[in-house]
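Descriptive analysis of the structure
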Amino acid sequence: MEKYKIIKEVGSGTFGSVYGALNNQTGEIVAIKKLKKKYSSWEECLNLREVKSLRKLNHHPNIIKLKEIIQEYDILYFVFEYMECNLYQMMAEKGKIFSESQVKNWCFQIFQGLSYMHQSGYFHRDLKPENLLVSKDYKFIKIADLGLAREINSNPPYTEYVSTRWYRAPEILLRSENYGSAVDMWAMGAIIFELLTLRPLFPGLSEADQIYRICSVIGNPTESNWAEGIKLAGKINYLFPEVAGIGDLSILIPRASAEAIDLIKSLCSWNPNNRPTASEVLGHPFFRSCYYIPPSLRMKTPPPPPLSAGTITVPLGFHGVHAERKLEMKKLYDEEIRNLKEPIKNFAPFFANNHIGRVPPGFDLAENLGNLTII
């Protein structure tokens, strides 16, 4: 830790504190997370769920980059790239409604990160505005705090106490021990609503009140739309309140587009199986003006080398901060773009007709490839 100078504390939580710090060797500003729990061995550190998930997901521009893991005595530090604020702070400071185009840009980035995360075998379990970090110019956003992330193929039972209550999916509220990435999609529905209104969609004061507020908006679940939920409620002797939903979500967000309302409704469905996946959401009409490159045409990132004891630096890829590494990767990137341009011309009909890749008439995909979002 000698090469870092702590500037200020920027946040704290159950598992540790986060500090803004200066790298004395490079002059770079970083974020350092100091864990509260003590760790006696390096092997114990490497087996942490957060370390495993961050290391595997460290190659996407919309997931926070882990730069170093440092163990000093029994104290463990994570060194991350620095982001100026989170969505919650931005909403609190802004004090006025964001444009739908702004919300669309941020959420498209989040869903790209979630799509990568879910396809890599993980789900977050604690999505909320505080865990979505924003750049200084408010243009770029990254998913952070993977301390509760789980592998999709890991064996249940899972703990029911995950995610902040307002963004907690109903299957978790009803104590399901077997849930998956659909809990992240529910949370995103609530987050999109909050970005469009600056008000939480389901601000429950307790778990029981949380379910009541959900029912007050979307109505009660039924045997036909979520039989499993009825069974879960029966197991814990819970009776759903006799309230009617509002029916039309546009009553709560009258200025939102029909596409935005449709997306929120689909994400906040009682039945997890009825919620779209992150990859499916990228093709939703709400994101019609956004551009997305399918996995088959993306550049491949080489797997990271094995970790060794002591202080380690995680490979940063094209989006890293070391100047020499960026220059090297930029050269490789430019070469890949040149190699891709010619064959990509043959994919124009696919992009024009596929709901995942929306290309306006006359758009030259080959010539504009370098300007598109590559995930």
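What you see is a predicted model; the values in this text were computed from it and never measured. (Residues numbered from 1 in each chain as written. Predicted model: local features only at pLDDT ≥ 70, side-chain atom pairs only at ≥ 80, totals over all residues. Heavy atoms only, no water.)

**Examining helix H3 (residues 87–94)**
Each α-helix turn comprises 3.6 residues. Residues three or four places apart therefore point the same way. The line we're drawing: The rule is simple: take the accessible area with a 1.4 Å probe, protein chains only, and divide by the maximum for that residue type; under 20% is buried, over 50% is exposed, in between is partly exposed. Strands here mean DSSP runs of E at least two residues long; helices mean DSSP runs of H or I at least four residues long; both are numbered from the N terminus. The arc in question is the one traced by the directions running from the helix axis out to the C-beta atoms. Any pair of residues with heavy atoms lying within 4.5 Å of one another is described as a contacting pair.
When H3 is considered as a whole, its buried residues turn out to be Leu87, Met90 and Met91. Mapping the buried residues of H3 onto a view down its axis gives an arc of 100 degrees, with all of them on the same face. Of the exposed residues in H3, the ones pointing more than 90 degrees away from its buried face are Ala92 and Glu93. Where H3 is buried, its residues contact strand E6 (85–86), helix H4 (100–119), strand E8 (132–134), strand E9 (141–143) and helix H6 (182–197).

**Let's talk about the pairing of strand E3 (residues 29–35)**
Which entries qualify depends on this criterion: A pair of strands counts as paired when DSSP detects no fewer than two bridges linking them.
Counting buried residues along E3, five of its seven residues qualify, which places the element largely inside the surrounding structure. Across seven bridges, the pairing between strand E2 (residues 16–23) and E3 is antiparallel. Residue pairing in the sheet places Val18 in a bridge with Lys33 of E3. Count of turn residues in the E2/E3 antiparallel hairpin: five residues, of which Gly27 carries a positive phi of about 80 degrees. Relative to strand E5 (residues 75–81), E3 runs antiparallel, the two being bridged by five bridges. If you follow Lys34 over to E5, its bridge partner there is Tyr77.

**Some words on the nonpolar core**
Selection rule: In plain words, nonpolar cores are sets of buried Ala, Val, Leu, Ile, Met, Phe, Trp, Tyr and Cys residues tied together by side-chain atoms within 4.5 Å.
Core analysis: the largest hydrophobic core is formed by 84 residues, its most contacted members being Phe78, Phe111, Leu114, Met188, Ile192, Leu195 and Phe287. For this core, the element with the most residues is H6, which contributes eleven residues. Beyond its immediate sequence surroundings of up to four residues, Phe111 is in contact with Met185, Met188, Ile192, Leu267, Ala278, Val281, Leu282 and Phe287. By size, the runner-up hydrophobic cluster in this structure holds nine residues, among which are Tyr4, Ala21, Ile75 and Tyr77.

**Some points on H6**
The cut-off we apply is this: Each helix should span, by expectation, one fewer than its residue count multiplied by 1.5 Å.
For H6, with 16 residues, the first-to-last C-alpha span of 23 Å sits near the 22 Å given by 1.5 Å per residue. Where H6 terminates, the next one or two residues include Leu198, which has phi positive at roughly 65 degrees.

**Focus on the pairing of strand E1 (residues 4–12)**
The pairing of E1 with E2 spans seven bridges and is classified as antiparallel. From the neighbouring strand, Tyr4 faces E2, where its bridge partner is Asn23.

**Describing the sheet that holds E9**
Whether parallel or antiparallel, the strands of a sheet pair through hydrogen bonds between backbone atoms. Read across the open sheet, the three strands follow the order E6-E8-E9; overall the sheet is antiparallel. If you trace the sheet from one side to the other, it starts and ends with E6 and E9, each paired once. Examined bridge by bridge, E6 and E8 share two bridges and lie antiparallel to one another. When the bridges of E8 are listed, Asn86 appears paired with Leu133.

**Here's the deal with the environment of Ser224**
Short version of the rule: Polar contact criterion, stated in full: a pair of N or O atoms within 3.5 Å, where within protein one must be able to donate a hydrogen and the other to accept it, and residues adjacent in sequence count only if both atoms are side-chain atoms.
Within the element layout of this structure, Ser224 appears in helix H8 (residues 223–235). Relative accessible area serves as the criterion here: at 73%, Ser224 is assigned to the exposed category. Reaching out from Ser224, the side chain makes a polar contact with the side chain of Thr222 at a distance of 2.9 Å.

**Some points on the packing of H4 against H6**
To keep things clear, this is the line we draw: Geometry is summarised by axes, namely lines fitted to C-alpha atoms with helices restricted to the contacting stretch, and by angles between N-to-C directions that run from 0 to 180 degrees. Orientation categories follow fixed angle ranges, with anything under 35 degrees roughly parallel, anything over 145 roughly antiparallel, 65 to 115 roughly perpendicular, and all other angles oblique. Crossings are assigned a handedness: left-handed for a near helix turned anticlockwise from the far helix by less than a right angle, right-handed for a clockwise turn. Basically, the charged four are Asp, Glu, Lys and Arg, the nonpolar ten are Ala, Val, Leu, Ile, Met, Phe, Trp, Tyr, Cys and Pro, and anything else, Gly included, counts as polar.
Two elements in contact, H4 and H6, have axes whose closest approach is 10 Å; the angle formed by their N-to-C orientations is 165 degrees. One way to sum up the angle between H4 and H6 is to call them roughly antiparallel. Between H4 and H6 the crossing geometry is right-handed. In this structure, H4 contributes Glu100, Val103, Trp106, Cys107, Ile110, Phe111, Leu114 and His118 to the contact, and H6 contributes Asp184, Met185, Met188, Ile192, Leu195 and Leu196. Considered class by class, the residues forming the contact of H4 with H6 number eleven nonpolar, one polar and two charged.

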